[in-house]
Amino acid sequence: MQIKAQNLGFTYGEGTPFEKKAVSGIDVDIPPGSRIAVVGHTGSGKSTLVQHLNGLLVPTEGTLTVGETTIRPGMKQKVLHHLRRTVGMVFQYPEHQLFEETVEKDIAFAPNNFGAGEKETAERVRRAAEAVGLDESLLSRSPFELSGGQMRRVAIAGVLAGHPDVLILDEPAAGLDPKGRRAMMEMFSRWQQEQPFRSYILVTHHMEDAAKYADYLYVMNAGSIVMEGTPAEVFQSPARLKEARLDVPAAVRILTEIDGSGSFSLNTYEADETADEIARILRGGGPL
Amino acid sequence: MRSMILGQYVQGDSFIHRMDPRAKLTGLFLFLLVMFLANRPAALIPAAAFACFVFLMTRIPVRYLLKGLKFIAIMVIFLFLFRMLMTREGTVLLDLPWLPIYEEGVRDGAVFAGRLFLLMVMATVLTLTTTPIELTDALERLFKPLQRLGVPAHELALTMSIALRFIPTLFSEMEKIMKAQMARGASFSDGSIVKRIKALIPLLVPLIIQSFRRAEELAVAMEARGYAGSEGRTRFRQMVWRASDTRVLFTVVLTGICIFALRG
Ligand SMILES: Nc1ncnc2c1ncn2[C@@H]1O[C@H](COP(=O)(O)OP(=O)(O)OP(=O)(O)O)[C@@H](O)[C@H]1O
Ligand SMILES: [Mg+2]
């Protein structure tokens, strides 16, 4: 699904004393099969921007095209209901959205709403539970008896079961330890690779995650996109990132210290890869 | 929701914002009392003038107030009609077959509706210019004499300020959960009444669960910081009653005298 925003802007509480312009002049173009990250300091407008993509917010300026649907200011949120079928969304602390008596019923909420049949729903619930690594024995339990980590998995399974083409991830790993964080991101990565047309859009403060799990970054500051490009391109300008109150990943920082010319290349930005790259440079820049 | 602004606070630095909250509360009460002196619509003119004057002094955009009073205005008009049709005295103005309209009815209805409307406007001005914390502090002070009669003034005020403090939190929480469920295909504005009520379950269950959790956390946090009721508590925010506060109350009384003079 192609997503294209042109000069998109959004103001909260238009026409009240609480008016607050959250984003403005946003241009993005996201082809199917993308792995995108939106990074920015707190309050820079990331959540506001991504909530447009499934019609939860309707722009107050500019236009947004999601697949076949073009959204313009003044459109009713109601008529955008169908977008939620193809664009799924995992909110920050998604476990707060659980409400059903059993895990199974909670995961079935989205497929039921989207009109999947009984058999189809049961199949989707099973597959989604498996994708997030939930044991089948948990399906009949109450979601409120589970641990925090398990609850989050249930909530994410509940989004995956809606069978979206595009997944919006608003800080999905907030509050997890590094191991849990990696497991979560690996899971989304696997999900995305299952089908060539699947995309995700990851909202995060975490530059390492953005570097590793996205092919293209949008950097936001004060409601605007101030930089965009592949991780390598974006990390070449630490000074501009600093202006947006962000930092480059530690691996990039270390390598820039060692090799000021910036001729290093990283894919995963992880410790072992960085160590290899340092070794290569120290040996005189030749291949390993 | 946006057409209801009673209870909202708009930050500002006007004279009304800076008044002692006790004076504002007392003033509102006095205003209510003096409006009872009016027995015909014309006698409410001084009260209306006073309300306009006070509102202009808050420097809050008039447009905002008008928008926010829509809901109240509809209610007031409804009450006016009701009252008008219930009173059957004086000469008949309009002889509709089922609902004759009497002169006395129109007069009585207009006074009643006018009073109610002005009271709502002033109550709105009070909350627009006074933070909830100031309000509860003021209430606690004003209720203090009742403590001898066994009224737990401090606890009441604290409960109220906690409730007020968490209203915006609850709303933003609700908005978040609503969005999350909408993202999963829920719809809160479609279908029959039964369907709509059923649609509230995915919203209310998480909201209630979170409220309980939050209440527990708050209780623990308060105890951890040594909260032990009103005994021996000192205050961080001091209220100062200035001469100008007294003058405002005096103006309300003056308005009352004007109303009295205009009685029919
Ligand atoms: N419901 C709302 N009503 C009014 N203003 C809002 C609302 N939600 C967000 N804002 C404001 O819009 C701006 C952008 O907020 P947004 O939540 O999009 O930022 P963010 O980049 O997601 O931040 P974070 O990293 O903290 O989640 C902020 O200044 C915020 O105060
Ligand atoms: Mg956010």
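Up top is the structure these notes are about.
Residues numbered from 1 in each chain as written. Chains lettered and ligands numbered in written order. Predicted model: local features only at pLDDT ≥ 70, side-chain atom pairs only at ≥ 80, totals over all residues. Heavy atoms only, no water.

Q: I would appreciate a short explanation of the site of ligand 1 in the present structure.
A: Taken together, 14 residues are adjacent to ligand 1, and Thr42(A), Gly43(A), Lys46(A), Ser47(A) and Thr48(A) come closest. Residues near ligand 1 are shared among chains A and B, making this a multi-chain site. Between an oxygen atom of ligand 1 and a main-chain N or O atom of Ser44(A), the distance comes to 3.2 Å. Of all the secondary structure elements, the ones that give two or more residues to the shell around ligand 1 are strand E2 (20-30) and helix H1 (46-50) of chain A. Counting residues per element, the shell around ligand 1 draws most heavily on H1(A), which supplies three residues. Looking at side-chain class alone, the shell around ligand 1 contains two nonpolar, eight polar and four charged residues. (Near = heavy atom within 4 Å. Polar contact = N/O pair within 3.5 Å; in protein donor to acceptor, adjacent residues only side chain to side chain. Helix = DSSP H or I, 4+ residues; strand = E, 2+ residues; numbered from the N terminus. Nonpolar A, V, L, I, M, F, W, Y, C, P; charged D, E, K, R; others polar.)

Q: What exactly am I supposed to notice about the interface of chain A and chain B here?
A: Quite often, the size of an interface is put as the accessible area lost when its parts meet. With 26 residues of chain A at the interface, the matching set in chain B holds 27 residues. Carbon and sulfur atoms supply 62% of the area buried between chain A and chain B, which totals about 2,300 Å² over both sides. Taken together, the connections running from chain A to chain B amount to one salt bridge. Among the salt bridges present, the one from Arg184(B) reaches Asp106(A), with a minimum N-O distance of 3.0 Å. Applying the counting rule to chain A against chain B returns six residue pairs in polar contact (both at pLDDT 80 or more). Element by element, the count of residues in the side of chain A that touches chain B is highest for helix H4 (residues 109-113) of chain A, at three residues. (Contact = heavy atoms within 4.5 Å. Buried area = accessible area lost by both parts, 1.4 Å probe. Salt bridge = Lys/Arg side-chain N within 4 Å of Asp/Glu carboxyl O.)

Q: Can you walk me through the side chain of Thr11(A) in this structure?
A: Inspection of the secondary structure puts Thr11(A) in strand E1 (residues 3-12). Those residues in contact with Thr11(A), other than ones at most four positions away along the chain, are Glu19(A), Lys20(A), Lys21(A), Ala22(A) and Thr60(A).

Q: Would you mind showing me how to read helix H2 (residues 21-35) of chain B here?
A: Residues spaced three or four apart along an α-helix point in a common direction, a consequence of the helix completing one turn every 3.6 residues. All names here are of chain B. With 15 residues, H2 extends 21 Å from end C-alpha to end C-alpha; this agrees with the ideal 21 Å at 1.5 Å per step. Within the span of H2, buried status applies to Pro21, Arg22, Ala23, Lys24, Leu25, Gly27, Leu28, Phe31, Val34 and Met35. On the buried face of H2, the contacting elements are helix H1 (15-18), helix H3 (45-58), helix H6 (103-129), helix H7 (132-143) and helix H11 (243-261). With a side-chain oxygen positioned 2.7 Å from the backbone nitrogen of Arg22, the residue opening H2 is Asp20. (Expected span 1.5 Å × (residues − 1). Buried < 20%, exposed > 50% of the residue type's maximum accessible area, 1.4 Å probe, protein only.)

Q: Is there a simple way to think about empty space enclosed by the protein in this case?
A: A probe matching the size of a water molecule, rolled over the atoms, marks out where space remains unfilled. All names here are of chain B. Under the counting rule described, the total for this entry stands at four cavities of 30 Å³ or more. A volume near 170 Å³ is recorded for the largest cavity. Taken together, 16 residues form the lining of the largest cavity, with Met19, Lys24, Leu28, Val54 and Met122 sitting closest to its centre. Those elements that provide at least two residues to the lining of the largest cavity are H2, H3, H6 and H11. Counting residues per element, the lining of the largest cavity draws most heavily on H2, at five residues. Of the residues belonging to the lining of the largest cavity, the class tally is 13 nonpolar, two polar and one charged. (1 Å grid on protein atoms, 1.4 Å probe; cavity = no way out; pocket = protein on both sides within 12 Å on 5 of 7 lines; lining within 4 Å. Points joined across faces, edges and corners; volume = space filled by probe spheres on them.)

Q: Could you clarify how one ought to interpret the nonpolar core in this entry?
A: Soluble globular proteins: nonpolar side chains tend toward being buried together. If you look at the biggest cluster of nonpolar residues, it comprises 43 residues, and the most contacted ones within it are Ile3(A), Ile26(A), Leu64(A), Val66(A) and Ile201(A). With 39 residues, the next largest nonpolar core counts Ala23(B), Leu69(B), Val248(B) and Ile259(B) among its residues. (Core = buried A, V, L, I, M, F, W, Y, C linked by side-chain atoms within 4.5 Å.)

Q: Would you mind going over the layout of surface pockets with me for this structure?
A: All names here are of chain B. Within this model, the second largest pocket holds a volume of roughly 830 Å³. Forming the boundary of the second largest pocket are 26 residues, of which His154, Leu158, Tyr227, Arg233 and Arg237 lie nearest the centre. Among the elements that line the lining of the second largest pocket, the one with the most residues is helix H8 (residues 153-183), at eight residues. Here the lining of the second largest pocket is composed, by residue class, of eleven nonpolar, seven polar and eight charged.

Q: In this structure, what is going on with a nonpolar patch on the surface? I would like to understand it.
A: A cluster of nonpolar side chains, contributed by Leu93(B), Leu94(B), Leu96(B), Trp98(B) and Leu99(B), occupies part of the molecular surface with about 570 Å² of accessible area. Looking at the secondary structure, you find Leu96(B) in the loop between strand E1 (92-95) and strand E2 (100-102). (Patch = residues over 30% accessible without salt bridge, like charges linked within 9 Å, V, L, I, M, F, W, Y side chains within 5 Å. Areas by Shrake-Rupley, 256 points an atom, 1.4 Å probe, with all protein chains shown as cover.)

Q: What's the story with the pattern of salt bridges in this structure? I'm lost.
A: Residues and elements named next belong to chain A. For the coordinates displayed, the defined rule picks out 27 salt bridges over all chains. With its nearest N and O atoms 3.2 Å apart, the salt bridge here joins Lys105 to Glu101. A relative accessible area of 39% places Lys105 in the partly exposed class. Overall, the relative accessible area of 56% leaves Glu101 in the exposed class. With a shortest N-O distance of 3.4 Å, Glu130 and Arg126 are connected by a salt bridge. Residue Glu130 and its partner Arg126 are both found in helix H5 (residues 118-131); the two are separated by four residues, about one turn of the helix. The class of Glu130 is exposed, set by a relative accessible area of 57%. Classification of Arg126 as partly exposed rests on a relative accessible area of 33%.

Q: Can you walk me through the sheet that holds strand E7 (residues 166-170) of chain A in this structure?
A: To summarise the sheet geometry, strands pair through backbone hydrogen bonds and adopt either a parallel or an antiparallel arrangement. Residues and elements named next belong to chain A. With mixed pairing, six strands are arranged side by side in an open sheet as E6-E7-E8-E3-E9-E10. Two strands lie at the open edges of the sheet, namely strand E6 (87-90) and strand E10 (224-229), each paired on one side alone. Going across the sheet, the axis of each strand differs from the next one's by a mean of 20°, ignoring polarity. Note: strand E3 (residues 35-40) against strand E9 (residues 216-221), five bridges, orientation parallel. The residue bridging Val38 from the neighbouring strand is Tyr218, located in E9. (Pairing = 2+ DSSP bridges. Axes fitted to C-alpha atoms, helices over the stretch in contact; angles between N-to-C directions.)

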